[in-house]
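Observations on the model geometry
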Amino acid sequence: TTSREQLAEFREMFNLADKDKNGSISKEQLGDLLRTIGINASEEEISMMVGEIDDDINGRIGFDEFAAAMSKRICPNYSITQVNDAFRM
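Because the structure is a prediction, the values reported are computed rather than measured.

Cut-offs and rules
- Residues numbered from 1 in each chain as written.
- Predicted model: local features only at pLDDT ≥ 70, side-chain atom pairs only at ≥ 80, totals over all residues.
- Heavy atoms only, no water.
- Helix = DSSP H or I, 4+ residues; strand = E, 2+ residues; numbered from the N terminus.
- Buried < 20%, exposed > 50% of the residue type's maximum accessible area, 1.4 Å probe, protein only.
- Lys, Arg positive; Asp, Glu negative; His and termini not counted.
- Salt bridge = Lys/Arg side-chain N within 4 Å of Asp/Glu carboxyl O.
- Contact = heavy atoms within 4.5 Å.
- Axes fitted to C-alpha atoms, helices over the stretch in contact; angles between N-to-C directions.
- Parallel < 35°, antiparallel > 145°, perpendicular 65-115°, else oblique.
- Left-handed = near helix turned anticlockwise from the far one by under 90°.
- Nonpolar A, V, L, I, M, F, W, Y, C, P; charged D, E, K, R; others polar.
- Core = buried A, V, L, I, M, F, W, Y, C linked by side-chain atoms within 4.5 Å.

Turning to the side chain of Asp-18, a few remarks are in order. Positionally, Asp-18 belongs in the loop between α1 (4–17) and β1 (24–25). There is no salt bridge for the buried Asp-18, and the closest opposite charge comes from Arg-60, which lies 4.9 Å off by N-O distance. When residues no more than four places from it in sequence are discounted, the contact partners of Asp-18 are Gly-23, Ser-24, Ile-25 and Gln-29.

Written out as structure tokens, the structure is:
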């Protein structure tokens, strides 16, 4: 199960990625987030990820979809501080 602390970190990452503050992450914003945490995915890979994560098939990733995906694929190689610092550059 996902702890409250993990959910808070996921929310913080989601909010940083959601640059236009519309409550969802676009394919482009997901690509930016992935690059920030050191994952250089191709456009095709990012499209496939959105397809896997986007449960309501609207082309965007809501927080619940993001949190569910992150809890399944949590990456221990980064910290929320590193993500924060990268987005503030």
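When two helices pack together, their arrangement is given by the angle between their axes and by how far apart the axes lie. One way to put it is that helix α2 (residues 27–36) packs onto helix α3 (residues 43–53) with a least axis distance of 10 Å and a crossing angle of 110°. The angle between the axes of α2 and α3 places the two elements in the roughly perpendicular class. Note on packing geometry: the crossing formed by α2 with α3 is right-handed. Contact residues: α2 offers Lys-27, Leu-30, Gly-31, Leu-34 and Arg-35, while α3 offers Glu-43, Ile-46, Ser-47, Met-49 and Val-50. Looking at the contact of α2 with α3 residue by residue, the class counts come to five nonpolar, two polar and three charged.

We now examine the nonpolar core. Counting residues in each nonpolar core, the largest one holds 18 residues, and the members touching the most others are Phe-10, Ile-25, Leu-30, Ile-61, Phe-63 and Phe-66. When residues of this core are traced back to their parent elements, those giving at least two are α1, α2, α3 and α4 (63–72). Ranked by residue count, the leading element in this core is α4, at five residues. The contacts of Ile-61, once residues within four sequence positions are left out, are Phe-14, Ser-24, Ile-25, Leu-30, Val-50, Ile-53 and Phe-66.

So, on to unusual backbone geometry. A positive phi angle is found at Lys-21, which is not glycine, with a value near 55°. Counting through the fold element by element, Lys-21 comes out in the loop between α1 and β1. Under the relative-accessibility criterion, Lys-21 is labelled exposed at 57%. Even without being glycine, Ile-57 reaches a positive phi, approximately 55°. Tracing the chain through its elements places Ile-57 in the loop between α3 and β2 (61–62). Residue Ile-57 is classed as exposed on the basis of its relative accessible area of 74%.

What follows covers α2. Think of an α-helix as 3.6 residues a turn; residues three or four steps apart then line up on the same face. Within the span of α2, buried status applies to Gln-29, Leu-30, Gly-31, Leu-33 and Leu-34. Backbone geometry just after α2 places Gly-38 at a positive phi near 90°.

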